[in-house]
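Analysis of the macromolecular model
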Amino acid sequence: MRFCLKSALVFAILIDLSSASAQVSPARSESIVVFAPHPDDEVIGCAGIIMQALARGARVKVVDITSGDGFDAAAAGLTHKKVAEVGPDDYFALSRLRQTQSRNALEILGGKADDLIVLGYPDGDLGNLYDSTDDKVIRQQFTKKNETYALIQKDYHTSVHGKPAPYRRSSVLGDLVELLTVLQPTEIYVTDETDGHVDHRTAFWFVRDAAQQVGYKGAVYTYLVHGLPAWPFPPGVTPNRPFESRKVDGEVAPRGLPWPPPRHVPLTPEQAQRKLESIQAHNIQVVGMPDHQNEMESFVKSEEVFWTPLTPSR
Ligand SMILES: [Zn+2]
């Protein structure tokens, strides 16, 4: 484990882990960490969890594992180019926008923009990193970067270690192990391993491995974004209705998960409205993708649902 005490102390200061605030009330010992593969996943899956935890006085950190800098259609729309014409600077512009959106969304939910931690690993390449048994450094095809970076705030590794981390498997795991050690979460939220997006599945595997490495004893909940073969139901903004399972082409969706989900967290109409606003803070309609936006807003329901991947029954 590449964790060193000095780094922990530096980071503890950065994240304002004062012992005084920890003693204010029992709720202060509640520490929630939401891991998002891309900026926006945290509000799609966990906006309600985040706002309710903050209202209770819990400490909440959102960890964006990538900057969302591998979304070619969005980069093209943002910079008014054809997909075939976009280059690294266009992906950096997208990365800057999406990071800003995550910070704004966190404020809408009652948090502080600086409660966002950006790891800055490559969007679209988490699966390649996880599968890299020889721990080789990967260069992201879109940005051409081969080390962590962030443009609105410092990436986590640079902020704590003074230099970026190379894009390799051990770097991701090392950063996650450090974060779990320092933040001492009581609850972890991460995308589910049945998700249709490889970055989302891999985010789960990386977080699971890091949790095992540190002997994490808290709760782990997963949320679903790209459920297969289709998700969520019912479509559209329906703040008065719960999530539903449906048959799609003879197959029960979402695939591979128990239904009903083991955990339902009700949202008041006001909370559902704020969730909608936090999702709209990630609006990329400016780049001409209304369908994508509508799909995101369909996660506004009367509840949020979670699965418990580490229980033997699943
Ligand atoms: Zn995502």
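Before reading further, recall that the structure is shown in the block above.
Residues numbered from 1 in each chain as written. Predicted model: local features only at pLDDT ≥ 70, side-chain atom pairs only at ≥ 80, totals over all residues. Heavy atoms only, no water.

1. Re the packing of aromatic side chains
Inspection of every chain in the model, using the stated rule, returns 13 aromatic pairs. Ring plane angle 80° and centroid distance 5.4 Å describe the contact between F92 and Y149, whose orientation is recorded as edge-to-face. Of this pair, F92 sits in helix α5 (residues 88-108) while Y149 sits in the loop between α6 (126-131) and α7 (156-161), and the two are 57 residues apart along the sequence. Across this residue pair, the class does not change: F92 and Y149 are buried. With centroids separated by 5.3 Å and ring planes inclined at 25°, the aromatic side chains of Y189 and Y221 adopt a geometry described as stacked. Placement of Y189 in strand β4 (residues 187-191) and of Y221 in strand β5 (residues 219-223) is noted, with a sequence separation of 32 residues between them. Under the relative-accessibility criterion, Y189 is labelled buried at 0%. Overall, Y221 belongs to the buried group, its relative accessible area being 15%. Members of the aromatic cluster, each reached through a chain of ring pairs, are W231, F243, W259, F299 and W307. Between the NZ or CZ atom of R169 and the centre of the ring of Y130, over which it lies, the distance is 4.4 Å. (Phe/Tyr/Trp six-rings, centres within 6.5 Å; stacked < 30°, edge-to-face > 60°. Helix = DSSP H or I, 4+ residues; strand = E, 2+ residues; numbered from the N terminus. Buried < 20%, exposed > 50% of the residue type's maximum accessible area, 1.4 Å probe, protein only. Lys NZ or Arg CZ within 6 Å of the ring centre and 35° of its normal.)

2. Observations regarding helix α8 (residues 169-183)
Over its 15 residues, α8 extends 21 Å from the first C-alpha to the last, a length consistent with the 21 Å expected when each residue adds 1.5 Å. Burial runs high along α8: eleven of the 15 residues are buried. Taken together, the buried positions of α8 are S171, V172, L173, D175, L176, V177, E178, L179, L180, V182 and L183. Positive phi appears at Q184, one or two residues downstream of α8, with a value of about 45°. (Expected span 1.5 Å × (residues − 1).)

3. Re the pairing of strand β1 (residues 31-36)
Two faces, one strand: in a regular strand the side chains alternate between the faces of the sheet. Taken across its six residues, β1 has six buried, putting it largely inside the fold. Burial of the side chains of β1 extends over both faces: S31, V33 and F35 are buried on one face and I32, V34 and A36 on the other. Bridge analysis of β1 against strand β2 (residues 59-66) gives six bridges, and the strand direction is parallel. Within β2, the residue paired with I32 across the bridge is V60. The parallel pair β1 and β2 is bridged by helix α3 (residues 41-56), and the resulting crossover is right-handed. Where β1 and β4 come together, three bridges link them in parallel fashion. Residue pairing across strands places V33 opposite I188, the latter belonging to β4. (Pairing = 2+ DSSP bridges. Right-handed = clockwise from strand over helix to strand, strands pointing away.)

4. Digging into the pattern of salt bridges
Per the counting criterion, the structure on display carries eleven salt bridges. A salt bridge links K81 to D90, with the shortest nitrogen-to-oxygen separation between them at 3.0 Å. For K81, a relative accessible area of 36% puts it in the partly exposed group. One salt-bridge network, held together by shared partners, links R241, E244 and R246. (Salt bridge = Lys/Arg side-chain N within 4 Å of Asp/Glu carboxyl O.)

5. Some remarks on the coordination of the zinc ion
Binding of the zinc ion to the protein goes through H38 (ND1), D41 (OD), D41 (OD) and H200 (NE2), at separations of 2.1 to 2.7 Å. What the four donor atoms of the zinc ion show is an angle range of 52 to 148° at the metal, which sorts the shape as irregular. We note that the donor set of the zinc ion lies within a single chain, spaced as H-x2-D-x158-H. The burial state of H38 is the same as that of D41; both residues are buried. (Donors = N, O, S within 2.8 Å, 3.2 Å for Na, K, Ca; no water. Tetrahedral: all angles 85-135°; square planar, octahedral: opposite > 155°, others 65-115°.)

6. A look at the pairing of β2
Taken across its eight residues, β2 has eight buried, putting it largely inside the fold. In this structure, β2 lies alongside strand β3 (residues 116-121), joined through four bridges in parallel fashion. Residue T66 lies in a different strand from β3, and its bridge partner there is Y121.

7. A word on unusual backbone geometry
Each neighbour pair has its own omega, and for F233 with P234 the value is -10°, a cis peptide bond. Within the fold, P234 resides in the loop between β5 and β6 (246-248). Even without a glycine there, the phi angle at K144 is positive, about 65°. As for its position among the elements, K144 is in the loop between α6 and α7. Phi is positive for D249, close to 50°, though the residue is something other than glycine. Along the polypeptide, D249 turns up in the loop between β6 and β7 (251-253).

8. Quick notes on the nonpolar core
Counting residues in each nonpolar core, the largest one holds 41 residues, and the members touching the most others are V34, C46, I50, Y189, Y223, W231 and F306. Secondary structure elements with two or more residues in this core: β1, α3, β2, α5, β3, β5, α10 (269-280) and β9 (303-306). Tallying contributions element by element places α3 first for this core, with eight residues. Ignoring any residue separated from it by four or fewer positions in sequence, one finds W231 in contact with L224, V225, F243, E244, P254, W259, F299, V305 and W307. If you look at the next biggest cluster of nonpolar residues, it comprises 34 residues, including L119, Y121, A165 and L183. (Core = buried A, V, L, I, M, F, W, Y, C linked by side-chain atoms within 4.5 Å. Contact = heavy atoms within 4.5 Å.)

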